[in-house]
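Commentary on secondary and tertiary structure
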Amino acid sequence: MQTDAVVSGSLRNRLVLILIGGAAVLAIFLFFAVRSYAVQVAQRGQDNILLASVTSMLDAAAFRDGVAEVDIPYAAFSMLNTPADDRVFYAIYQDDTFLSGYNDLGLLGENQGGQPSFQTRDYRDTSVREVTASRTLIGADQRTEIQIALAQTQDALADTLDQISRNAALLGLGFFALAVALSIWATQATISPLSRLTNSVTRRGPQDLSPFTKPVPQEMAPLVTSLNSLMGRLDQSLSQSEDFIAEAAHRVRTPLATVRSYAEATLLRVNKEENREAMRSMVKAIDESSRAAGQLLDHAMITFRADHLEREELDLVDLVRDLILRLTPVADMKDLTLDLRGEDTVTYAGDPILLQNALRNMIDNAMKYSPADGAIEISVRSEPVVAVTVSDQGPGFPLDEIETLTARFTRGRNADNTIGSGLGLTIAQDVATAHGGEITLRNREEGGACVILSL
Amino acid sequence: MRYLIALILGFLASTSFAQEWEDQRLFNDGAGGDALRVLSSTDTNLFAPLIEAYVAENPDTAVEYLVTGTADIDGLFREAPERFDVVISSAMDLQLKLANDGFALALDDVAHPEWAEWRNSLFAFTTEPAAIVINTAAFEGLPVPSSRQDLIGLLRDRPDLFAGRVGTYDIRRSGLGYLFATQDSRASETYWRLMEVMGGLDVRLYCCSGDMIDDLTDGTIAVAYNVLGSYAEARVESGERFKILDLSDFETTMMRTALVSKETTQVAEAASFLRAVIAYQSDDASNASPLPTLAQDGDRGAIPLDPATMTFLDSLKRKKFLEEWEDALIQN
Ligand SMILES: Nc1ncnc2c1ncn2[C@@H]1O[C@H](COP(=O)(O)OP(=O)(O)O)[C@@H](O)[C@H]1O
Ligand SMILES: [Mg+2]
């Protein structure tokens, strides 16, 4: 089955990219907005000074002895002093006739209503800001218009703008950096519930199909709801099939027991040797079938109990001793000895029914795959971890299959002439996993299999 | 043949630019190539040590030093800016206007205090007050005036003593005289009253400080108004019989300025010459320059290098000022 998801893009990257892209656009916009505003303000500043200067010059215009005169006040040029030592040009006209100043500096057309007009233009190879304003002088019997053009280079303005541009750029950059940090943080915060959910899904045990109860953000609620309902259905169908197996096994076992008792009774009454032999085979087959049914039942029971482990303090050595006692008659039939080794008491908190089941299957296997007359060694230890080891003197596991033998209904090559269902090791492993432990299969150097149930 | 044409051309060139210089001297004439042409209003004897120091360090450069009046300098230079490499003048207003009108080359690597330069193209290198100088013999038995008001009183009281014996710049001819006069008129109304009194005493008008001091020395005049302090001091030190008044009312201080012509063909040499002048005149230079160093002191400070200095150069304003000045001073 394919477990890797088909990945197309990343939510996190998409989010970060969108946020950072937006921030970049905003920062650039901010830069230009601040700069163009500053340009306006700075230009207005220069315009105001130019206007004040030209106004003071116009104010100094007067008739004297019938002649229009403009006595430029010292302050008019003084106020035009700038840190960049901007150059100043002016021209005074009377009714469009040049009076004094720079005669190549023309007048700008005035705005309607005699309002002063401003213009940035080229003059003497540099860019200047020029203002033109006028004033009408009214004398005793005459009327004349004094017009003044005043221009100033824009070096100081350019310096100011440079500085403002630098500051605006810094502002934009700062804003951008902040926005990037924020967007990464925001993305992280948005994505983290998702990764938390992923984490809790990944960390679940294989049998855990209970619903997720941890709170999740609103947007993830539908996902979790459908996940929960999916798992609910899964759980239900699993337990249904398990129930079914258990029911089926049970139903098979009871009639099998009846058939077996009939067969035994008949065996006692049959005298002919070949018939007795047939009857014996029949009883053996019935035994194996009921054993397989028993194992199926056990497996279903273990799957169920694994979710609701009923741990209690117990002595593992005691438990093993009990088991050996019960299995000794079977072992005797095959002339096998069961030896208990290891520590005297090993206390452990576990589910006794499950542990018993697992160990019985392990010992069963050892007996099944051991040659007659062999010895089976069972040892219990508590260090470094609590573990029970069952070793025999049989042929051992086929090494190339060792990885897969614990899977359900899987049997080894060496199991061809033995009867079994392929569930024994599965049960042992399920029990180990339910207790947070594991099962290890290996072959002993001196021959024989060795199964370790560590808890 | 070619030689002949060159000769004729050279002759034509020299005659077409024929010019009466107050003084003209070629320093380091041994050096080949074009000489650096310095157009200046400063007397050669006051400036020579600077040039000599410069050519000592730059033996490959010859310097031609051309002296004429401040108003003349302005006219000559505007007419042919390509003929001169460096322009030095005491008329700050004319110099500033030259720079404003784009005749000066901007030198970006000259370190100079902000108040002493304009647009990196006009550089001040001296600080010199306008002085009132009296002949001590003529003032025998009279109190030494401590303000212009005092001087006015004294002149009014003793027309017998001072008639025909007061002198000042003819501001129609001298750019520096005009600068001093306009700045004085801004400082106080007293200026006009003094001018009226001097006009009543049949004032003598001079083109230059040097002439005025000469006449003061030989007793032709008893009071010289607005002489260059540096010239007077140079002569006091040589033991002449006159006194520079220490006035309490106000003092007009000028800065001598230099610029490099925008059309100079010897940019590097002109710039290095200007830098040398600035260095020579800087406060910490340990030499005995006859010119005062550049200093920022006095309560009013020097006339600032800003566009306002050009105000009185406006032709309408100049006309009006000269009319008033003539009204006050020329009464016969
Ligand atoms: N003690 C053992 N010695 C050798 N092989 C073993 C031993 N125990 C288990 N096996 C191998 O592992 C397989 C799976 O065992 P199990 O799950 O118990 O199923 P089975 O019903 O076949 O015993 C067996 O078929 C056998 O090949
Ligand atoms: Mg088995």
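Residues numbered from 1 in each chain as written. Chains lettered and ligands numbered in written order. Predicted model: local features only at pLDDT ≥ 70, side-chain atom pairs only at ≥ 80, totals over all residues. Heavy atoms only, no water.

Our next topic: the state of the cysteines. A covalent bond between the sulfur atoms of two cysteines is what we call a disulfide. All names here are of chain B. By the definition in use, this model includes 1 disulfide over all chains. Residue pairing for Cys207: its cysteine sulfur links by disulfide to Cys208, the two sulfurs lying 2.1 Å apart. Looking down the S-S bond of the Cys207 and Cys208 bridge, the torsion is -45 degrees, so its handedness is left-handed. Assessed through its relative accessible area of 28%, Cys207 is described here as partly exposed. (Disulfide = S-S within 2.5 Å. Buried < 20%, exposed > 50% of the residue type's maximum accessible area, 1.4 Å probe, protein only.)

In this structure, Pro384 of chain A follows Glu383 of chain A across a cis peptide bond, with omega equal to -5 degrees. Mapped onto the secondary structure, Pro384 of chain A falls in the loop between strand S11 (375-381) and strand S12 (387-391). Look at Asn120 of chain B: it is not a glycine, yet its phi comes out positive at around 55 degrees. Positionally, Asn120 of chain B belongs in the loop between strand S5 (117-118) and strand S6 (122-124). When its relative accessible area of 26% is taken as the criterion, Asn120 of chain B is described as partly exposed. (Helix = DSSP H or I, 4+ residues; strand = E, 2+ residues; numbered from the N terminus.)

Let us now look at the interface of chain B and chain A. Across the boundary between the two partners, chain B contributes 25 residues, which contact 27 residues of chain A. Across the contact surface, chain B and chain A share 4 salt bridges. A salt bridge links Lys317 of chain B to Asp71 of chain A, with the shortest nitrogen-to-oxygen separation between them at 2.5 Å. The interface formed by chain B and chain A includes 17 residue pairs in polar contact (both at pLDDT 80 or more). For the side of chain B that touches chain A, the secondary structure elements donating two or more residues are helix H4 (92-100), S5, helix H7 (175-187) and helix H12 (315-329) of chain B. Ranked by the residues each element gives to the side of chain B that touches chain A, the list is headed by H12 of chain B, at 6 residues. Its residues assigned to classes, the side of chain B that touches chain A shows 7 nonpolar, 6 polar and 12 charged. (Contact = heavy atoms within 4.5 Å. Salt bridge = Lys/Arg side-chain N within 4 Å of Asp/Glu carboxyl O. Polar contact = N/O pair within 3.5 Å; in protein donor to acceptor, adjacent residues only side chain to side chain. Nonpolar A, V, L, I, M, F, W, Y, C, P; charged D, E, K, R; others polar.)

Right, let's talk about the UniProt feature "transmembrane region" (unreviewed entry) in chain A for a bit. Residues and elements named next belong to chain A. The UniProt record marks residues 15-34 and 168-186 with the feature "transmembrane region" (unreviewed entry), using the residue numbering of this structure. The straight-line gap between the two end C-alpha atoms of residues 15-34 is 28 Å; of that span, 100% is helix and 0% is strand. Helix makes up 100% of residues 168-186 and strand 0%, and the two end C-alpha atoms of the span are 26 Å apart. (UniProt positions renumbered as here; feature names shortened; annotations may be inferred.)

So, on to the packing of helix H7 (residues 352-369) of chain A against helix H8 (residues 424-434) of chain A. Residues and elements named next belong to chain A. Their axes nearest at 8 Å, the elements H7 and H8 cross at an angle of 145 degrees. Considering how the two elements wind past one another, H7 and H8 form a crossing that is left-handed. Across the interface between the two elements, Leu354, Leu355, Asn357, Ala358, Asn361, Met362 and Asn365 from H7 touch Gly424, Leu425, Ile427, Ala428 and Val431 from H8. In terms of residue class, the contact of H7 with H8 is made up of 8 nonpolar, 4 polar and no charged. (Axes fitted to C-alpha atoms, helices over the stretch in contact; angles between N-to-C directions. Left-handed = near helix turned anticlockwise from the far one by under 90°.)

On to the site of ligand 1. All names here are of chain A. In the region of ligand 1, 20 residues are neighbours, and Asn365, Asp392, Arg411, Gly412 and Asn414 sit closest. At 3.1 Å, a side-chain N or O of Tyr369 approaches an oxygen atom of ligand 1. Gly422 places a polar main-chain atom, nitrogen or oxygen, 3.0 Å from an oxygen atom of ligand 1. The protein chains hide 99% of the 520 Å² of surface that ligand 1 would expose on its own. Looking at the shell around ligand 1 element by element, the count peaks at 4 residues for H7. Looking at the shell around ligand 1 residue by residue, the class counts come to 8 nonpolar, 9 polar and 3 charged. (Near = heavy atom within 4 Å. Areas by Shrake-Rupley, 256 points an atom, 1.4 Å probe, with all protein chains shown as cover.)

Next up on the list: the pairing of strand S3 (residues 63-67) of chain B. Residues and elements named next belong to chain B. For S3, a buried count of 5 out of 5 residues is recorded, marking the element as mostly surrounded by other parts of the structure. By the alternation rule, side chains of S3 split into Val63, Tyr65 and Val67 and Glu64 and Leu66, which are all buried. Summarising the sheet, strand S1 (residues 23-27) and S3 pair through 5 bridges and their orientation is antiparallel. When the bridges of S3 are listed, Gln24 appears paired with Leu66. Strand direction decides the pairing type here: strand S2 (residues 36-40) and S3, joined by 5 bridges, are parallel. Of the residues in S3, the one forming a bridge with Leu36 is Val63. (Pairing = 2+ DSSP bridges.)

Take the environment of Glu52 of chain B next. For Glu52 of chain B, the position within the fold is in helix H2 (residues 44-57). Residues Glu52 of chain B and Phe27 of chain B, spaced 25 residues apart in sequence, show a C-alpha to C-alpha distance of 7.3 Å.

Residues and elements named next belong to chain A. With respect to topology, 5 strands assemble into an open sheet ordered S4-S3-S7-S6-S5, the strand pairing being antiparallel. Since the sheet does not close on itself, it has two edges, and those belong to strand S4 (97-101) and strand S5 (117-123), each with one partner. If you compare each strand with its neighbour and ignore which way they point, the axes differ by 25 degrees on average. Relative to strand S7 (residues 143-153), strand S3 (residues 88-94) is paired through 7 bridges, and the arrangement is antiparallel. Each residue of the ladder has a partner; that of Tyr90, found in S7, is Leu150. Helix H1 (residues 11-59) contacts S3, S5, strand S6 (126-138) and S7 of the sheet and is inclined by roughly 35 degrees relative to S6.

Residues and elements named next belong to chain B. Counted at 1.5 Å a residue, the expected span for H7 with its 13 residues is 18 Å, and the 18 Å between its end C-alpha atoms agrees. In terms of burial, H7 is largely enclosed, as 11 of its 13 residues are buried. Taken as a whole, H7 has its buried residues at Gly175, Leu176, Gly177, Tyr178, Leu179, Phe180, Ala181, Thr182, Gln183, Asp184 and Ser185. Measuring from the backbone nitrogen of Leu176 back to the side-chain oxygen at the start of H7 gives 3.3 Å, which picks out Ser174 as the cap. (Expected span 1.5 Å × (residues − 1).)

Okay, the packing of aromatic side chains next. Scanning the model with the defined rule gives 18 aromatic pairs over all chains in all. Taken together, a centroid distance of 5.0 Å and an interplanar angle of 70 degrees make the contact between Phe89 of chain A and Tyr123 of chain A edge-to-face. Residue Phe89 of chain A is found in strand S3, and its partner Tyr123 of chain A is found in strand S5; the two are separated by 34 residues along the sequence. Summarising the burial analysis for this pair, Phe89 of chain A and Tyr123 of chain A share the class buried. One aromatic cluster in this structure is built from Tyr74 of chain A together with Tyr178, Tyr191, Trp192, Tyr225, Phe312 and Phe321 of chain B. In this arrangement the basic side chain of Arg186 of chain B is found over the ring face of Tyr74 of chain A, its NZ or CZ atom lying 3.4 Å from the centre. (Phe/Tyr/Trp six-rings, centres within 6.5 Å; stacked < 30°, edge-to-face > 60°. Lys NZ or Arg CZ within 6 Å of the ring centre and 35° of its normal.)

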